[in-house]
Amino acid sequence: MKPAEPAIDLRSDTVTLPTVPMREAMARTPVGDDQFGEDPTINRLQERVAEILGKERALWIPTGTMANQIALRTLTRPGDDVVVCAGSHTVHHETGASAANAGVQLTEIGADGIFSAEQFVAACKPAGHIVAPPTTLVEIENTHNRAGGVVVPQDRVERICRAARDRGVASYLDGARLWNASAATGHSPAALSAPFDLVSVAFSKGLGAPGGSMLAGSRTILERAQRYRRMAGGAMRQVGFFAAAALYALDHHLDRLAEDHANCRLLAERLALCPRVRIDLDRVRTNILIFHLTPDGPTAAEVVDAARDQGVLVFAFGPRTVRAVTHLDVSREDCEAAADRLTRAIEA
Ligand SMILES: *Cc1c(COP(=O)(O)O)cnc(C)c1O
């Protein structure tokens, strides 16, 4: 028997492991009690991220899901309506948390990761109406995960946020993959964040750190967010170890995201050659590939199983829909091998 090689893991960009130099940076960083504001490394990261995002202040949040939940608590009241894009993380991947925590209802609009200012205005419910729930927040996810890492065009973002401001509606950017949107468009993270009242970013996705997210915005908004972080049980102590990994990632892993995008593109172009695969190549702009299987082909579950036998891990996103994500721990050669093995798994 030949020795088992580690699988090429394309299930998510969250599967990356901290590198040896990242672990060294974590081990030697100074730490303190962050609830007393005394962790020098987290303070350094918060200042740096506030500057990168062009906001007054940034606040450490343990996960992206908690960042979304705290954003909802901070910018809405129970019973409010929040307009989000169809397929957003808040609706589909947070086990109903928005209803349980903030007590809001979510109205999904648009398609393929994108909606227009006109669609937002049409969906916006007025304040003070005798039956309608008031819309108090609009959320945009950039890049949009379920739509396949789609980048929302910035002129649209600006028009939506302007329409929101005109109506007294707050705006929130779920930027778990904002770094990827920046790498794909050349717009700085600050430019992409500028139209929004509140922004989240993650260190545990494309940047390859073991965990952590941040919320960034004005001092007033962040003061409220800090209270809800404590309420959610998300205020931590010597969290500088994680911040050291995030600082290392900003120094060493940010500039290489274009490699992940090129690898994803390669995978997409190879798989698009399979007669049983449907891929909209125009939408493959970042590190997420969503592809569909034709009715005469195998199901997504069958492809996931057959690929695993070939040493490639992917994720079934629907009965005939598969997701593959490129990241720090898969090379160009890995992606070439994965394309061949996935093709075999689909054609078998
Ligand atoms: C992964 C993700 C989150 C949540 O992040 P976790 O750290 O896994 O809780 C939020 N929004 C988007 C768009 C994501 O892809």
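Criteria and cut-off values
- Residues numbered from 1 in each chain as written.
- Predicted model: local features only at pLDDT ≥ 70, side-chain atom pairs only at ≥ 80, totals over all residues.
- Heavy atoms only, no water.
- Helix = DSSP H or I, 4+ residues; strand = E, 2+ residues; numbered from the N terminus.
- Rg over C-alpha atoms; globule rule 2.2 N^0.38 Å.
- Contact = heavy atoms within 4.5 Å.
- Areas by Shrake-Rupley, 256 points an atom, 1.4 Å probe, with all protein chains shown as cover.
- Lys, Arg positive; Asp, Glu negative; His and termini not counted.
- Charge placed at Lys NZ, Arg CZ, Asp CG, Glu CD.
- Disulfide = S-S within 2.5 Å.
- Near = heavy atom within 4 Å.
- Polar contact = N/O pair within 3.5 Å; in protein donor to acceptor, adjacent residues only side chain to side chain.
- UniProt positions renumbered as here; feature names shortened; annotations may be inferred.
- Axes fitted to C-alpha atoms, helices over the stretch in contact; angles between N-to-C directions.
- Parallel < 35°, antiparallel > 145°, perpendicular 65-115°, else oblique.
- Left-handed = near helix turned anticlockwise from the far one by under 90°.
- Nonpolar A, V, L, I, M, F, W, Y, C, P; charged D, E, K, R; others polar.
- Pairing = 2+ DSSP bridges.

For the protein, the count of helices and strands is 14 helices and 13 strands. Against the globule reference of 20 Å for 348 residues, the protein gives a C-alpha radius of gyration of 21 Å, in line with a compact fold. Projected onto the principal axes, the alpha-carbon positions of the protein cover approximately 65 × 55 × 35 Å. Once local pairs closer than 6 in sequence are excluded, the contacts in the protein between residues at least 24 apart make up 73%. Surface summary for the protein: the accessible area is close to 15000 Å², and the carbon and sulfur share equals 51%. Separation between the mean location of the 38 positive side-chain charges and that of the 42 negative ones in the protein comes to 3 Å.

One covalent bond between the sulfur atoms of two cysteine residues makes up a disulfide. Summed over the entire model, instances satisfying the criterion amount to zero disulfides. Cys-161 takes part in no disulfide bond, and the closest cysteine sulfur, belonging to Cys-124, lies 12 Å away.

Attention now goes to the site of the ligand. Neighbouring residues of the ligand: Thr-63, Gly-64, Thr-65, Asn-68, His-89, Glu-141, Asp-174, Ala-176, Arg-177 and Lys-205. A distance of 2.6 Å separates an oxygen atom of the ligand from a polar side-chain atom of Thr-65. Measuring from an oxygen atom of the ligand, one finds a side-chain N or O atom of Lys-205 at 2.9 Å. Burial of the ligand by the protein chains amounts to 84% of its free accessible area of 380 Å². The dominant element in the shell around the ligand, judged by the number of residues it contributes, is helix H3 (residues 64-75), at three residues.

With that settled, consider the environment of Asn-68. With respect to the helices and strands, Asn-68 occurs in helix H3. Between the alpha carbons of Asn-68 and Leu-215 there is a distance of 8.8 Å; along the sequence they are 147 residues apart. Ignoring any residue separated from it by four or fewer positions in sequence, one finds Asn-68 in contact with His-89, Thr-90, Glu-94, Tyr-172, Asp-174 and Ser-200. Polar side-chain contacts of Asn-68 include one of 3.0 Å to the side chain of Asp-174.

Okay, the UniProt feature "domain: Aromatic amino acid beta-eliminating lyase/threonine aldolase" (unreviewed entry) in the protein next. The sites that carry the UniProt feature "domain: Aromatic amino acid beta-eliminating lyase/threonine aldolase" (unreviewed entry) are, in the present numbering, residues 9-291. Spanning residues 9-291, this segment combines 42% helix with 16% strand, and its end C-alpha atoms are found 17 Å apart.

The next subject is the environment of Thr-136. Among the secondary structure elements, Thr-136 is positioned in strand S5 (residues 135-141). Residues Thr-136 and Ser-171, spaced 35 residues apart in sequence, show a C-alpha to C-alpha distance of 8.6 Å. A polar side-chain atom of Thr-136 sits 2.8 Å from a polar atom in the side chain of Asp-80.

With that settled, consider the packing of helix H13 (residues 300-309) against helix H14 (residues 332-347). For the pair H13 and H14, interaxial distance at closest approach is 9 Å and the crossing angle is 130°. Considering their axes alone, H13 and H14 lie oblique with respect to each other. Once H13 is placed against H14, the crossing between them reads as right-handed. Residues Val-303, Ala-306 and Ala-307 of H13 form the contact with H14, whose participating residues are Leu-342, Ala-345 and Ile-346. Looking at the contact of H13 with H14 residue by residue, the class counts come to six nonpolar, no polar and no charged.

The sheet built from four strands is open, its strands ordered S9-S10-S13-S12 with antiparallel pairing. The open sheet terminates on both sides in strands that have one partner only, identified here as strand S9 (277-278) and strand S12 (315-318). Alignment of S9 against strand S10 (residues 288-293), held across two bridges, turns out to be antiparallel. Each residue of the ladder has a partner; that of Val-277, found in S10, is Leu-293. Its contacts with the sheet put H13 on S10, S12 and strand S13 (321-325), and the angle it makes with S12 is roughly 175°.

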